[in-house]
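Coordinate analysis (summary)
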Amino acid sequence: MSKVIAVVNQKGGVGKTTTSVNLCACIATLGHKVLLIDIDPQSNSTSGIGINKAKIKNSIYDVIINGSSIKDCYMKTMLDNLTIVPSAPELSGAEVELVTVISRETKLKEALEEVRGDFEYIFIDCPPSLGLLTINALTASDNLLVPIQCEYYAMEGLAQLINSVRLVRQHLNPSLNFEGVLLTMYDSRTNLSDQVMIEVKKHFKEKVYKTVIPRNVRLSEAPSYGLPITLYDPACTGAKAYHSLANEFLSQNSRG
């Protein structure tokens, strides 16, 4: 049975897609079968993993709005153990289309039922908002992984996210829990990064990953080449950090 993890933070620019693509790539490289679902209308995970958008026949939009089988949306990546369900521009209108739909919050959960035995881990890259697409992801997931950037406004909006998680638990998914909180864009040269780290650990305690993702130019460059960091520059500090995160994630899940 797959474990389903939503990668979520309603703030943009926190390393959410970078984490989705590279953590999935590293876990797949370590021999585990992984499905990445891009539910963000910006489609950054889709392009970041090297998918040619002109070749997309079916996307997560077809699953959520048209009731298509999620298996019909599978696309292979350059990594043997990593499959993606791509996003598409039409997804930007899905929130409006879902408003009048019965059981609109559970469309993704229902779709995942037929494939939960096919992968060890399913990651969902969520939009930078707390709308119906993100609610679908939270309802479908076992746990959520929250990237937080080591910058001034890091904690801004987290109360809203925590409240949304509480409401989803209350009404839609009582077993939803935090998988972990990941500090991203860490800069060891600044006091601010250390201050943010202290503050985040104060709030989330043992849920904060020991692995910290540094600011790294190669990580920023990789998406423009449609490559995960494991293929773009496996020796850079960013690649080493995501490999460390993958090992920490797998170690926690083997214990759990």
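Per chain, residue numbering runs from 1 following the sequence as it is written. Selection of residues for local features in this predicted model requires a pLDDT of at least 70, selection of side-chain atom pairs for listing and counting requires 80 or more, and totals for whole chains, interfaces and linings are taken over all residues. The basis for every side-chain value is the complete set of non-hydrogen atoms in the structure, without hydrogens or water.

1. Some points on the sheet that holds strand E4 (residues 82-85)
By definition, two strands form a pair when at least two bridges between them are found by DSSP. Segments assigned H or I by DSSP are reported as helices when at least four residues long, segments assigned E as strands when at least two residues long, and all are numbered from the N terminus. Strand order in the open sheet made by the seven strands is E3-E4-E2-E5-E1-E6-E7, with mixed pairing throughout. The sheet terminates laterally at strand E3 (75-76) and strand E7 (177-184), the two strands that pair on one side only. Pairing of strand E2 (residues 34-38) with E4, which is carried by four bridges, proceeds in the parallel orientation. Residue pairing for E4: Leu 35 is matched across the bridge by Thr 83. Here a residue-residue contact requires only that any non-hydrogen atoms of the pair lie within 4.5 Å. In this analysis, axes come from line fits to C-alpha atoms, helices being fitted only over the stretch in contact, and the angle between any two N-to-C directions falls in the range 0 to 180 degrees. On the sheet, helix H8 (residues 191-204) packs against strand E6 (143-149) and E7 and is oriented at approximately 175 degrees with respect to E7.

2. So, H8
A helix is expected to reach a length of 1.5 Å times the quantity of its residues less one. Taking 1.5 Å per residue as the helical rise, H8 with its 14 residues ought to reach 20 Å, and the 20 Å between its terminal C-alpha atoms agrees with that figure. Any residue under 20% of the maximum accessible area for its type is buried, any over 50% is exposed, and the rest in between are partly exposed; the area is computed with a 1.4 Å probe on protein chains only. Three or more residues of H8 are buried, namely Ser 193, Val 196, Met 197, Val 200 and Phe 204. The arc that holds every buried residue of H8, seen down its axis, measures 105 degrees, which confines them to one face. Every exposed residue of H8 that faces more than 90 degrees away from the buried side is listed here: Asn 191, Ile 198 and Lys 202. Contact partners of the buried residues in H8: E6, helix H7 (158-171) and E7. Looking at the residues trailing H8, positive phi occurs at Lys 205, about 50 degrees. The arc in question is traced by the directions running from the helix axis to the C-beta atoms.

3. Comments concerning the nonpolar core
The nonpolar side chains of a soluble globular protein tend to be buried, and buried together. Here, the term nonpolar core denotes a set of buried Ala, Val, Leu, Ile, Met, Phe, Trp, Tyr and Cys residues that are joined through side-chain atoms within 4.5 Å. Ile 60 and Leu 112 are the most contacted members of the largest nonpolar core, which totals 49 residues. Ranked by residues supplied to this core, first place goes to helix H6 (residues 132-140) with six residues. Residues contacting Ile 60, with those up to four places away along its chain left out, are Ile 37, Asp 38, Ile 39, Ile 70, Val 85, Pro 86, Ser 87, Leu 91 and Leu 108. Formed by 35 residues, the second largest nonpolar core is a distinct cluster that contains Ala 25, Val 34, Ile 213 and Ala 246.

4. Let's talk about the pattern of salt bridges
Each reported salt bridge corresponds to a side-chain nitrogen of Lys or Arg within 4 Å of a carboxyl oxygen of Asp or Glu. Evaluated as defined, the whole model comprises 11 salt bridges. With its nearest N and O atoms 2.8 Å apart, the salt bridge here joins Glu 221 to Arg 218. Taken together, the residues Glu 221 and Arg 218, both in helix H9 (residues 217-221) and three residues apart, mark about one turn of the helix. Within the structure, one salt-bridge network assembled from shared partners comprises Lys 16, Asp 40 and Asp 125.

5. Re the side chain of Asn 173
Topologically, Asn 173 is positioned in the loop between H7 and E7. Counting of polar contacts relies on pairs of N or O atoms within 3.5 Å, with two restrictions inside protein: one atom must be capable of donating a hydrogen and the other of accepting it, and residues adjacent in sequence are counted only when both atoms are side-chain atoms. Within polar-contact distance, the side chain of Asn 173 engages the backbone oxygen of Leu 138 at 2.9 Å. Apart from residues no more than four positions distant in its own chain, Asn 173 is found in contact with Leu 138, Thr 139, Ser 141 and Val 168.

6. Some remarks on the state of the cysteines
Note on terminology: pairs of cysteine sulfur atoms within 2.5 Å are recorded as disulfides. Tallied over the entire structure, the rule returns zero disulfides. Free cysteine Cys 26: the closest other cysteine sulfur is in Cys 24, separated by 9.6 Å. Free of any disulfide, Cys 236 has its nearest cysteine sulfur in Cys 26, 9.9 Å distant. By relative accessible area, Cys 236 is classed as buried at 8%.

7. Concerning a nonpolar patch on the surface
On the surface, Tyr 152, Tyr 153 and Leu 192 cluster together to form a nonpolar patch covering roughly 360 Å² of accessible area. Its place among the elements puts Leu 192 in helix H8. Residues forming no salt bridge and having over 30% relative accessible area are the ones grouped into patches, like charges within 9 Å of each other and nonpolar side chains (Val, Leu, Ile, Met, Phe, Trp, Tyr) within 5 Å. Methods summary: accessible areas were calculated by the Shrake-Rupley approach with a probe of 1.4 Å, and residue burial reflects only the protein chains presented.

8. Description of the environment of Asn 81
Mapped onto the elements, Asn 81 comes out in the loop between E3 and E4. You can call Asn 81 partly exposed: its relative accessible area is 24%. In this structure the C-alpha to C-alpha distance between Asn 81 and Thr 100, which are 19 residues apart in sequence, comes to 37 Å. With residues near it in sequence (within four places) discarded, Asn 81 still touches Ala 28, Gly 31, His 32, Lys 33 and Val 34. For Asn 81, the side chain forms a polar contact with the main-chain oxygen of Ala 28, separated by 3.1 Å.

9. Focus: the side chain of Glu 248
Structurally, Glu 248 can be placed in helix H11 (residues 237-255). His residues and chain termini do not enter the charge count, which takes Lys and Arg as positive and Asp and Glu as negative. Buried charge Glu 248 goes without a salt bridge, the closest partner of opposite sign being Lys 210 at 5.0 Å. Contact partners of Glu 248, with chain neighbours within four places excluded, come to Tyr 209, Lys 210 and Thr 211.

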